[in-house]
Amino acid sequence: MAHLPFAILLLLYIPFVCALSSLPLNGTSIPTLDVSDFPSSSNTRTLWDIIWSCTATLFACTWTAIHPNIPGMEEGKLAIFSRRLFFMMMALIFPELMITWATLQFLSARDTAKAFNDSFGAQLHQTGSDHPDMGESTTTLLGEIPLSGGRNLSAPRVAGRDFSEWTVTHGFFAWMGGFMLHVNGKPRATLRPHELERFVRDGSVEMPVIVEADIEDRSKGDALSKGIAILQLAWFVLQLGVRYTQNLPITLLEIDTLALASLTSIAYGFWWKKPKDVGRPYAVHLKPTASPPSKLAYDKADANFSDKGLLHYIFLLIYPLGSLMGIGVAISPRDVRERRVPSLGGYDDDRIEGRNHIITLFIGCFSGMVFGGMHCLGWNFLFQGHTEQILWRTASLVIVSTPVSILLSFGFFIWINDSMAEHLVHTVAASAALFTIFASMVIYIVARVTLIVLLLLSFRSLPSGVYDTVAWTKFIPHL
């Protein structure tokens, strides 16, 4: 894994060499109507060149953009790698859900950093103002004076003494499973941020002293991998833009790749400050004098995982989508056994009607509309049949419109819960809103599958000019 960025750099360097070596000399092109006729001229490209360019762009964007939570302490590399591939497939099929997931994590991390700064930063400031003449050595001595019952005398600023200001990176680290509670020297469970805050307030644990630089040192993300992804995406967008200016057709695969890469870049922006591929959490030790907590958030698995029969399989099919949308985080028995944050969690899911979820809903729906709008770029694509063209246009418009339906229905559902009492009308209206949301999601998935099928069918016969390469010499000024 340590040499993966260099391997990606080597692989992504090939298209640049091929592109530079295929610059046209006379600006002529060979019209091609069928994919079986692979052009061999130096000023043309093959179907495999198109597929490779799109695949390299998608791989560079998704692999670099995805920032998973901290894995279990006993998990093997194969399990971690398999989970990463699952995230990549989800990003390729449902890129909007990756944006909602990243948005929720960012908003939760920002709120957590603010809460810790307001709580312990204000406490440190207040303590320093109340005791201006008390030095740090005096504070330390007071903390070491034993009292009856085995307790120590708490100095006025012991809780905030070593506190350093939290950033969004600290918030990400806390939500992704960065703090592991140890009881009697053994790991107990991963702490949620509000649990860590409560234990520090109670004096059960010491405030973790970890600065942003230490967290970034644990991260495997680097400027090289980010630069490769940005460079590959910029090169891909540049090629499509130049093809448009030279009236050269582009394939549906390239349109879909452009839409996927654009949405993945949005998720990448929300995850920019999140540590990437952190291997182990920070140990937080429970003090010997403190009582072990009876219940923690990640101590017990969700009851839905113990269901039997058809409901169990339906839940296993639906809960990944629900987790990415922010409906709720499901804790599996494997999460409990491996003492880690749910792989599709890492955010605050206490109130689905809260401000963060509403903001996420707006961003997710807007991303879906953008995704469908970008597929409308294939509106006048030369399909093999008129029926396929109608299906592409319809599916693109459906993807644009269904997020609006979901947004309005969810807003109506929130308004009902806030303004109406529990009675028959409330139940019927809420059920109708939820049904509309579910039906819109199903229709959206069908439209997305339709686009993928039409995309694959388009390779049977591509329009003339698809295989022509960009005449870069036209952009070079001549005397």
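On a predicted model such as this, the values are computed, not experimentally measured, just so you know.

What counts and how
Residues numbered from 1 in each chain as written. Predicted model: local features only at pLDDT ≥ 70, side-chain atom pairs only at ≥ 80, totals over all residues. Heavy atoms only, no water. Helix = DSSP H or I, 4+ residues; strand = E, 2+ residues; numbered from the N terminus. Contact = heavy atoms within 4.5 Å. Areas by Shrake-Rupley, 256 points an atom, 1.4 Å probe, with all protein chains shown as cover. Phe/Tyr/Trp six-rings, centres within 6.5 Å; stacked < 30°, edge-to-face > 60°. Buried < 20%, exposed > 50% of the residue type's maximum accessible area, 1.4 Å probe, protein only. Axes fitted to C-alpha atoms, helices over the stretch in contact; angles between N-to-C directions. Parallel < 35°, antiparallel > 145°, perpendicular 65-115°, else oblique. Left-handed = near helix turned anticlockwise from the far one by under 90°. Nonpolar A, V, L, I, M, F, W, Y, C, P; charged D, E, K, R; others polar. Pairing = 2+ DSSP bridges. Expected span 1.5 Å × (residues − 1). Bend = angle between axes of the 7 residues up to and from the residue. Core = buried A, V, L, I, M, F, W, Y, C linked by side-chain atoms within 4.5 Å. Salt bridge = Lys/Arg side-chain N within 4 Å of Asp/Glu carboxyl O.

I'd like to hear about the overall build of the chain, residue by residue, with values.
Broken down by element type, the chain carries 15 helices and three strands. For the chain, the share of sequence-separated contacts (at least 6 apart) that also reach a separation of at least 24 residues comes to 79%. Element-wise, carbon and sulfur atoms account for 66% of the exposed surface of the chain, whose accessible area totals about 24200 Å².

Outline the packing of aromatic side chains, listing residues and values.
Inspection of the entire model under this criterion finds 18 aromatic pairs. Aromatic pair Phe87 and Trp101: ring centres 5.4 Å apart, planes at 50°, arrangement tilted. Taken together, the residues span a long stretch of sequence, with Phe87 in helix 3 (residues 77-93) and Trp101 in helix 4 (residues 95-130) at a distance of 14 residues. Phe87 gets classed as buried once you look at its relative accessible area, which sits at 1%. Judged by its relative accessible area of 0%, Trp101 is buried.

Can you break down the packing of helix 10 (residues 252-270) against helix 13 (residues 355-375) residue by residue, with the values?
Their axes nearest at 8 Å, the elements helix 10 and helix 13 cross at an angle of 155°. Taken together, the axes of helix 10 and helix 13 are roughly antiparallel relative to one another. For the pair helix 10 and helix 13, the sense of crossing is right-handed. Contacts from Ile255, Asp256, Leu258, Ala259, Leu260, Ser262, Leu263 and Phe270 in helix 10 reach Ile363, Ser367, Val370, Phe371, Met374 and His375 in helix 13. Across the contact of helix 10 with helix 13, the residue classes break down as ten nonpolar, three polar and one charged.

I'd like a rundown of the side chain of Asn356, residues and numbers included.
Looking at the secondary structure, you find Asn356 in helix 13. Note on Asn356: relative accessible area 13%, which makes it buried. If we ignore the near neighbours within four places in the chain, the residues touching Asn356 are Leu104, Leu107, Ser108, Arg110 and Asp111.

So what's going on with the sheet that holds strand 3 (residues 282-285)? Which residues, and what values?
The mixed open sheet is built from three strands, whose spatial order is 2-1-3. The open sheet has two free edges, formed respectively by strand 2 (186-190) and strand 3, since each of these has just one partner strand. Shown here is a sheet whose adjacent strand axes are inclined to one another by a mean of 40°, direction ignored. Across four bridges, the pairing between strand 1 (residues 179-183) and strand 3 is parallel.

Please set out the pairing of strand 1 residue by residue, giving values where relevant.
Of all five residues that make up strand 1, five are buried, and the element is covered over most of its length. Covered by surrounding structure in strand 1 are Phe179, Leu181 and Val183 together with Met180 and His182, the residues of both alternating faces. Relative to strand 2, strand 1 is paired through four bridges, and the arrangement is antiparallel. Across the sheet, the residue bridging to Val183 is Lys186, located in strand 2. Counting the residues between successive antiparallel strands, the hairpin from strand 1 to strand 2 contains two residues, one of them, Asn184, with a positive phi of roughly 55°.

Which residues make up the environment of Arg393, and what are the values?
Mapped onto the secondary structure, Arg393 falls in helix 14 (residues 386-419). Judged by relative accessible area, Arg393 falls into the buried class, the value being 19%. When the C-alpha positions of Arg393 and His375 are compared, they lie 8.4 Å apart, and in sequence the two are 18 residues distant. Every residue in contact with Arg393, bar those within four places of it in the chain, is listed here: Trp379 and Asn380.

Requested: an account of helix 11 (residues 310-325), with residues and values cited.
Between its first and last C-alpha atoms helix 11 spans 23 Å; for 16 residues at 1.5 Å apiece the expected length is 22 Å, and the two agree. Within helix 11, the axis deviates most sharply at Ile318, by approximately 35°, and proline Pro320 lies no more than four positions further along. Regarding helix 11, the residues found buried are His312, Phe315, Pro320, Leu321, Gly322, Ser323 and Leu324. Gly326 sits one or two residues past helix 11 and shows a positive phi near 90°.

Go over the nonpolar core, please, and point to the residues and values.
One finds Met98, Trp101, Leu252, Trp271, Leu324, Phe371 and Leu462 to be the most contacted residues of the largest nonpolar core, which totals 53 residues. With nine residues, helix 10 is the single largest residue contributor to this core. When near neighbours in sequence (up to four residues on either side) are disregarded, Trp271 contacts Ala65, Ile66, His67, Met98, Trp101, Ala102, Gln105 and Phe172.

With reference to specific residues and values, describe unusual backbone geometry.
Leaving glycine out, the prevailing phi sign among residues is negative, and the prevailing peptide bond configuration is trans. With a phi angle near 55°, Asn184 is a residue other than glycine that sits in the positive phi range. Mapped onto the fold, Asn184 is located in the loop between strand 1 and strand 2. A positive phi angle, near 55°, is found at Arg339, a position not held by glycine. Note on placement: Arg339 falls in the loop between helix 12 (333-337) and helix 13.

Lay out the environment of Thr257 in plain terms, naming residues and giving numbers.
Relative to the helices and strands, Thr257 resides in helix 10. Thr257 gets classed as buried once you look at its relative accessible area, which sits at 0%. Separated by 199 residues in sequence, Thr257 and Leu58 place their C-alpha atoms 6.7 Å apart. Excluding anything up to four places from it in sequence, Thr257 contacts Cys54, Thr57, Leu58 and Phe236.

An account of the pattern of salt bridges is requested, with residue identities and associated values reported.
Under the counting rule described, the total for this entry stands at 18 salt bridges. Across the pair Lys273 and Glu212 runs a salt bridge, and its minimum N-O distance is 3.1 Å. Here Glu212 lies in helix 8 (residues 212-218) and Lys273 lies in the loop between helix 10 and strand 3, a separation of 61 residues in the sequence. Judged by relative accessible area, which is 39%, Lys273 ranks as partly exposed.

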